[in-house]
Amino acid sequence: MTLALWFAMLIAAADLGRLPVDTIVVGPGGAVSAVTVALERAKPGDVVVVTAGTYREPTLVLRTPNVTLLGRGWPVLDGEGKRAVLVVEANDVTVRGFTVTGTGVSNLEDRAGIRARNASRCRIEGNRVYDNLWGIYLERSADCVVRDNDVRASGENQSSSGNGIHLYQSPRAVIEDNRIAGQRDGIYFEFSESGLTRRNVSEKNQRYGLHFMYSDSCLYENNTFSANAAGVAVMYSRGVTIATNRFEDAWGGGAYGLLLKEILGGEIRGNIFERNSTGIFLEGATRLQIRDNDFIQNGWAARVFADATDNHFAGNHFRANAFDVTTNSRSANSTFDGNWWDGYRGYDLNRDGVGDVPFHPVRLFALIVEQHPASLLLLRSPTVAVLDAAERVMPMLTPEALVDKRPLIKPLRKSVGNAGVARGAPR
Amino acid sequence: MNVIRLIVSAGLRDLSRSRWLIGYALGFFVLAEGLFWFGGSGPQVVLSLLNIVLMVVPLVALVFGAIHVYASREFVELLLSQPVPRKPLFTGLWLGLALPLAGAFAIGAGLPFVFNGGGGAGFSALATLAAAGVVLSFIFSGIATWIAWTTDDRLRGVGLALGVWLAATVLYDGAILAATAAFGDYPLERPLLAAMILNPVDLARLVVLSQLDASALMGYTGALFNKALGTAGGAAMAGAALLAWCGVPYLMSARRFARRDF
């Protein structure tokens, strides 16, 4: 007890020994009425409090480390459609409680609402980042935290909008509890390894809800990616973990719940893929463990191309998908073991919960559609039902490519997806 | 008008006592109820029912319809010896057949959804399926009527009905599948969509699928397909085409009936 007290006093003394920490208050009509002035005056450790009001100033640049920018009553930093709004170029800076808006569209520069450039350990928390070309842009800024921001835009097309939260060479970032909508890509990791992305909601973006490239060893969990024009695409990375996310409503020929291209090693666990044209798409992905996911009401639950090797599907649920699995070749380089398929019609004589007859998830019709896409028009036709029945009687018709030798008789868990709700036309 | 009403009500009274029709309704009831029992949720039940509806409704409408028309032939000849205009008489006969068929289907397949509170679970899909089944009943009972008034030999007539059924449900799509595979290198969107319109079974299937499996249909990268199937306008067009189909066999067999020499 006394020891703890001593420590506390010691820390207090150390604090007093430092430069006096100032609080600079910025407000319309106050002593300091421009944020620019406050940022110039701020010393390391200072707190700049910006009170309610709209601030239309040249691009704000903070070059002093260890400064905290606090918005009181949602002050608006407005770029008036002409310029980037806030740029942080120092370490240990916190930005909290601002409304940042109006970068306008530019084809020459990547204007961002909030940009951290060479600013390690920055914290960007609880801001409203509305109608900017790029929302929050971390550029060569390690160990940053981006939390609880609301990032929104209403760009008309991909070329006139930027990404919601963009990371470029910014390792070990924590991106959590943000809401992103209407940007080009919701969250984009580029050359940014070892990041943690969780509990974000990224929806209705014009391209991908989440996009990452060359970003190894990242963890993505408990995010929701919904109704993004092209779903989610992750490419050219190794050692990624994607767990307990929701991938929903990615509709269209080029839209994927989760597209994995050239991913080497990793885990896709406990996710829900619901109502996507393609739930999960593996192209050149290698050594992935795909476990305990629920695939519900997708057009294609899983498309596994032949160049995807040594991937292992286990404990997944396949429910009410138009096609469970398709592949583009007759050779198989990925394995299925112990999944539950709603199309399984086998029996279990020894009652160990595992079906005694192997299940072939690639139906003949699926293969025909893969080769002749136009025949998709015959989906759920009685003719196709006859084809399926024929496959049961004559198993040699079924493509041998992929097989689940131990299909489960009963689902492992209650499906959490709301399969009970059918939806009409896409939004 | 009066004649139509009289004949329809006679047909209704006659058919509502038919064990066949009661069995038909009961069959759908047990089936849909059973699907619910075995743990299906709304959309899955609708999907399972879809295939059965597409197969069974045309089959029953064709075979039962043809047999019914053959059986009522003497009754019709008796009526025709009275001063009764032929057109309204025919309309009454057709409706007297189609309405009980459609009603039996709707009641049998619909009640389980009411019992199981299917209101929320894919209700639009279910309503579409029910509507599709009803329309198919009308179309194929019309075709059955046409067959029965064209072919005098009962055996040949029923055989023809079965042939039409097989062609419409299985062979037609099989031919399309073969054609798609054979001409895969050519742009097939337009001919395929046209082919879908020419077969009411395909039309009904696509109309229901646009409510259920649209995510899969949208997976095809054809702009025309997406427009025709993925949009509300496209689904409405397909529905309109299906309704128009009701008129085709009716007009054909009404003409046949009016000119027929009894």
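This structure is a prediction, so every number in the text was calculated from the model and none was measured.

### Examining the confidence of the model for chain B
Residue and element names in this part refer to chain B.
Working step 1: Chain-level pLDDT for chain B is 85 on average; 91% of the residues reach the 70-or-more range.
Working step 2: Helix α10 (residues 214-217) is the least confidently modelled element of chain B, averaging 68 in pLDDT, while helix α7 (residues 154-182) averages 94, the highest of any element.
Working step 3: For this predicted complex, the interface confidence reaches an ipTM of 0.83, while the overall pTM sits at 0.84.

### Side note on the state of the cysteines
Residue and element names in this part refer to chain A.
Working step 1: Counted by the stated rule, this structure contains one disulfide over all chains.
Working step 2: The residue that forms a disulfide with cysteine 122 is cysteine 144, at a sulfur-sulfur distance of 2.3 Å. Residues cysteine 122 and cysteine 144 are joined by a disulfide whose S-S torsion is about 125 degrees; by sign, that bridge is right-handed. Taken together, the positions of cysteine 122 in the loop between β10 (112-117) and β11 (123-125) and cysteine 144 in the loop between β13 (134-139) and β14 (145-147) put the pair 22 residues apart, joining distant regions of the chain.
Working step 3: A residue is classified by how much of its surface remains accessible, and cysteine 122, at 2% relative accessible area, is buried.
Working step 4: In this structure cysteine 218 is a free cysteine whose sulfur lies 14 Å from that of cysteine 144, the closest cysteine sulfur available.

### Some thoughts on the pairing of β10 of chain A
All names here are of chain A.
Working step 1: Of all six residues in β10, five are buried, a share of seventy percent or more.
Working step 2: Bridging between strand β7 (residues 86-88) and β10 involves three bridges; their strand directions are parallel. The partner of leucine 86 across the bridge, within β10, is isoleucine 114.
Working step 3: Direction of pairing for β10 relative to β13: parallel, over a ladder of five bridges. Bridged to arginine 115 within β13 is tyrosine 137.

### Examining unusual backbone geometry
Residue and element names in this part refer to chain A.
Working step 1: A positive phi angle, close to 55 degrees, is found at serine 194, a residue other than glycine.
Working step 2: Within the fold, serine 194 resides in the loop between β19 (187-190) and β20 (196-198).
Working step 3: Note on serine 194: relative accessible area 35%, which makes it partly exposed.

### Quick word on the packing of aromatic side chains
Residue and element names in this part refer to chain A.
Working step 1: For the structure on display, the rule yields 27 aromatic pairs over all chains.
Working step 2: Ring centres of phenylalanine 281 and phenylalanine 305 lie 5.0 Å apart, and the angle between their planes is 85 degrees; on these two criteria the pair is classed as edge-to-face. Of this pair, phenylalanine 281 sits in strand β29 (residues 278-283) while phenylalanine 305 sits in the loop between β32 (300-304) and β33 (312-314), and the two are 24 residues apart along the sequence. Across this residue pair, the class does not change: phenylalanine 281 and phenylalanine 305 are buried.
Working step 3: One aromatic cluster is present, formed by Phe225, Phe247, Phe273, Phe295, Phe313, Phe318, Phe336, Trp341, Tyr344 and Phe359 through successive ring pairs.
Working step 4: Of note, arginine 115 hangs over the ring of tyrosine 137, and the distance from its end group to the ring centre comes to 4.2 Å.

### A closer look at the pattern of salt bridges
All names here are of chain A.
Working step 1: All told, the structure shown has 39 salt bridges over all chains when counted by the stated rule.
Working step 2: With a closest N to O distance of 3.8 Å, arginine 179 and aspartate 150 form a salt bridge. In this pair, arginine 179 sits in strand β18 (residues 179-181) while aspartate 150 sits in strand β15 (residues 150-152), placing the two residues 29 residues apart along the sequence.
Working step 3: When the shortest N-O distance is used, the salt bridge between arginine 413 and aspartate 294 registers 2.7 Å. Taken as a pair, arginine 413 in the segment after α4 (382-393) and aspartate 294 in strand β31 (residues 294-296) lie far apart in primary sequence, 119 residues in all.
Working step 4: Through salt bridges that share partners, Arg96, Arg123, Glu125, Arg147, Glu176, Asp177, Arg198 and Arg199 make up one connected network.

About the criteria used
Residues numbered from 1 in each chain as written. Chains lettered and ligands numbered in written order. Predicted model: local features only at pLDDT ≥ 70, side-chain atom pairs only at ≥ 80, totals over all residues. Heavy atoms only, no water. pLDDT = per-residue confidence, 0-100. Helix = DSSP H or I, 4+ residues; strand = E, 2+ residues; numbered from the N terminus. Disulfide = S-S within 2.5 Å. Buried < 20%, exposed > 50% of the residue type's maximum accessible area, 1.4 Å probe, protein only. Pairing = 2+ DSSP bridges. Phe/Tyr/Trp six-rings, centres within 6.5 Å; stacked < 30°, edge-to-face > 60°. Lys NZ or Arg CZ within 6 Å of the ring centre and 35° of its normal. Salt bridge = Lys/Arg side-chain N within 4 Å of Asp/Glu carboxyl O.

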